[in-house]
Amino acid sequence: MQAPNPKQNDDELNALAGKTLGNFRIDEPIGSGGMATVFKALQLTLGRYVAIKVLPSRYAREPNFVKRFKQEAHIVAQLVHPNILPIYDFGEQDNITYIVMEYVEGGTLKERLARPLSTSEAADFMIQAAEGLGCAHTQEKVIVHRDVKPANMLLRKGNFLLLSDFGIAKILEGTANLTRAGVGIGTPQYMSPEQGTGSTVDPRSDIYSLGIVFFHCLAGRVPFTGDTPLSITLKHLNEPLPVEMLRAKGVPAPIEQVILKMTAKRAEDRYQTTNELIEALAAALATAQIALPQRWRPNSSAPMQKIDAPAPNISGPMLPAPSYPQPVFNPNQQSAVTISCFRCGASNPSTRLFCTTCGYELADRRAVADHFLGPNGRPVLARLTIRDNAMNSRSYRFHQDITTIGRTSGNDLVISGRTVSRQHARLWFDSGRWILEDLHSANGTRVNNALLNQPVVLKDGDVVNFGDEVVVFNTTY
């Protein structure tokens, strides 16, 4: 078979502008790489912008490719985590294979690296990325990313990181045209030794690649470069990590040691899980006396409105907020203390910074907002319990500050239903009352079947619909 003509493929992709793939109208290209081109597109039924990754048509002509693509894309689409970019849809039309994802305007970590990062910022990005990878690695069918690099890390407002392109390398693996076209699986600058030589990979390969990204964030460049992919792969195999580049940037020794272990040549010498990595990095930060930046919380998109409605039967004095125990990250402790996440109740070791189930900050610093106490002398809190969803019966608690509800990562409560908008509604506390407001969602917010046109005061036991998803509101203490 004759090798595909790259110019022909470029012409095919450029011709997509203005065309329609399924329910999506292609607007403009916003990025490209060796394996795909990404377009900004409009989802016609919901009137929202999405990102569509289009794979070159030569892959669609490969035997069994579309079948393999659908199988792998379906697996990856099941990943739900605050640090993983959600997949909305995928399909094939006119020999064009595509994946539909959330459109994120904040750019990528690759673009962010145009200016220096502090050790604190870089460590925060690595912990978020490790949390997302950990979700994939602990699935019943283990998912290995295979292409961890700054270009596949999207950034929201407030440096909230989203991993993208899970499974793309696996989807394309075994496609004969890749070799003829000279396109590699993964990116040599960040590729583990075993992946570069075509050996079997497992989650430890992703940990290696993340270690190279960490090095890049702190040193300002990747550790190994070369004229060809093969020359770079040989350096990953044989040359020691140039730690002098880290030292020249003033990277503390405990952080350097974490990077060295992440990027060990042999997989068995690395951290074996992302949990182990996160705990080691948290300990290294504590030893180096480096604090992570406060995790981003969604800001109010509009001024709060005064609600002229009687307060529910919750009365209490305005008193200073009670103190809450906070996890202590002690590098010398022999065993981690188990603590419960305030938001979802999941158990976590105290060496973690964020809950592995819902992503909430385990230090629970939002408790400082709880100034209003109920009759029992405890703070009045909100509880939302999800019904009739894949998350059925899960309950989440919220402090007396602003809570956003939506489908995408970055919201305080993420509900993955298709009828839920990216930022669907907002809940806040005012003078003993919990108030809910719809944020111009596509499918509306209802309280006890009444459509919200303005903010309303919630009562204990109210049934709330975010689109088709059902949530029960309760006050708790």
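The shown structure was predicted, so the numbers you read here are calculated from the model rather than taken from an experiment.

Engineer: I tried to follow the overall build of the protein on my own but got confused; where do I start?
Structural biologist: When its secondary structure is counted, the protein shows 13 helices and 21 strands. Scored against the burial criterion, the 477 residues of the protein give a buried share of 54%. Counted over contacts in the protein with a minimum sequence separation of 6, partners at least 24 positions apart contribute 58%. Summed over all atoms, the accessible surface of the protein reaches about 21,300 Å², with 49% contributed by carbon and sulfur.

Engineer: Explain the nonpolar core here, please?
Structural biologist: One recurring pattern in soluble globular proteins is that nonpolar side chains are buried together. Core analysis: the largest hydrophobic core is formed by 69 residues, its most contacted members being Leu-210 and Phe-214. Grouped together as the second largest cluster of nonpolar side chains are 31 residues, Cys-341, Phe-342, Val-380 and Val-464 included.

Engineer: Would you explain the environment of Ala-369 in this entry?
Structural biologist: You can see Ala-369 is positioned in the loop between β10 (347-349) and β11 (381-387). Here the alpha-carbon distance between Ala-369 and His-399, two residues 30 residues apart in the chain, equals 6.7 Å. In contact with Ala-369, not counting residues within four places along its chain, are Gln-400 and Asp-401.

Engineer: Looking at this structure, I do not really get the sheet that holds strand β17 (residues 445-447). What am I missing?
Structural biologist: Pairing between sheet strands relies on hydrogen bonds along the backbone, with the strands arranged either parallel or antiparallel. A sheet is described by the order of its strands in space; here six strands give the open sequence β12-β11-β21-β20-β17-β18, paired in antiparallel fashion. One side of each edge strand has no neighbouring strand; the edge strands of this open sheet are β12 (395-398) and β18 (450-451). Pairing geometry for β11 and strand β21 (residues 469-476), over seven bridges, is antiparallel. Residue pairing across strands places Leu-384 opposite Phe-473, the latter belonging to β21.

Engineer: Would you mind going over a nonpolar patch on the surface with me for this structure?
Structural biologist: A cluster of nonpolar side chains, Leu-230, Leu-234 and Leu-237, forms an exposed patch at the surface whose accessible area comes to about 260 Å². Turning to its location among the elements, Leu-234 is positioned in helix α10 (residues 229-238). Overall, the relative accessible area of 40% leaves Leu-234 in the partly exposed class.

Engineer: Even after reading the chapter, I still don't get the sheet that holds strand β14 (residues 413-414), so can you show me in this structure?
Structural biologist: Here five strands make up an open sheet; going across it, the order is β14-β13-β15-β16-β19 and the pairing mixed. Looking at which strands have only one partner, the edges of the open sheet turn out to be β14 and β19 (456-457).

Engineer: How do you make sense of the pattern of salt bridges when you look at a structure like this?
Structural biologist: Side chains carrying opposite charge are able to pair once their charged atoms draw close together. The final tally for this structure, using the stated rule, is 18 salt bridges. Residue Glu-131 is joined to Arg-352 by a salt bridge in which the shortest nitrogen-to-oxygen separation is 2.7 Å. With a gap of 221 residues between them, Glu-131 in helix α5 (residues 119-137) and Arg-352 in the loop between β10 and β11 connect regions that are remote in the sequence. Each member of the pair Glu-131 and Arg-352 is classed as buried. In this structure, the salt-bridge partner of Arg-366 is Asp-412, at a minimum N-O distance of 2.9 Å. With Arg-366 in the loop between β10 and β11 and Asp-412 in the loop between β13 (403-406) and β14, the pair connects residues that are 46 residues apart, well separated along the chain. Each member of the pair, Arg-366 as well as Asp-412, carries the same accessibility label: buried.

Engineer: I would appreciate a short explanation of the packing of aromatic side chains in the present structure.
Structural biologist: Each aromatic ring pair is specified by the distance between its two centres and by the angle formed by the two planes. All chains considered together, the criterion is met by three aromatic pairs. Of the aromatic side chains, those joined through ring pairs into one cluster are Phe-372, Phe-429 and Trp-434. Against the face of Tyr-88 rests Arg-48, its NZ or CZ located 4.2 Å from the ring centre. The side chain of Lys-261 reaches across the aromatic face of Tyr-271, ending 5.4 Å from its centre.

Engineer: What's the story with helix α9 (residues 203-219) in this structure? I'm lost.
Structural biologist: Helical periodicity: at 3.6 residues per turn, an α-helix aligns residues three or four positions apart in one direction. The terminal C-alpha atoms of α9 lie 25 Å apart, and with 17 residues this matches the ideal 24 Å at 1.5 Å per residue to within 8%. Among the 17 residues of α9, 16 are classified as buried, and the element is accordingly described as predominantly covered. Directly beyond the C-terminal end of α9, a positive phi value near 90° is found at Gly-220.

Thresholds applied
- Residues numbered from 1 in each chain as written.
- Predicted model: local features only at pLDDT ≥ 70, side-chain atom pairs only at ≥ 80, totals over all residues.
- Heavy atoms only, no water.
- Helix = DSSP H or I, 4+ residues; strand = E, 2+ residues; numbered from the N terminus.
- Buried < 20%, exposed > 50% of the residue type's maximum accessible area, 1.4 Å probe, protein only.
- Contact = heavy atoms within 4.5 Å.
- Areas by Shrake-Rupley, 256 points an atom, 1.4 Å probe, with all protein chains shown as cover.
- Core = buried A, V, L, I, M, F, W, Y, C linked by side-chain atoms within 4.5 Å.
- Pairing = 2+ DSSP bridges.
- Patch = residues over 30% accessible without salt bridge, like charges linked within 9 Å, V, L, I, M, F, W, Y side chains within 5 Å.
- Salt bridge = Lys/Arg side-chain N within 4 Å of Asp/Glu carboxyl O.
- Phe/Tyr/Trp six-rings, centres within 6.5 Å; stacked < 30°, edge-to-face > 60°.
- Lys NZ or Arg CZ within 6 Å of the ring centre and 35° of its normal.
- Expected span 1.5 Å × (residues − 1).

This is a description of form; function is not addressed.
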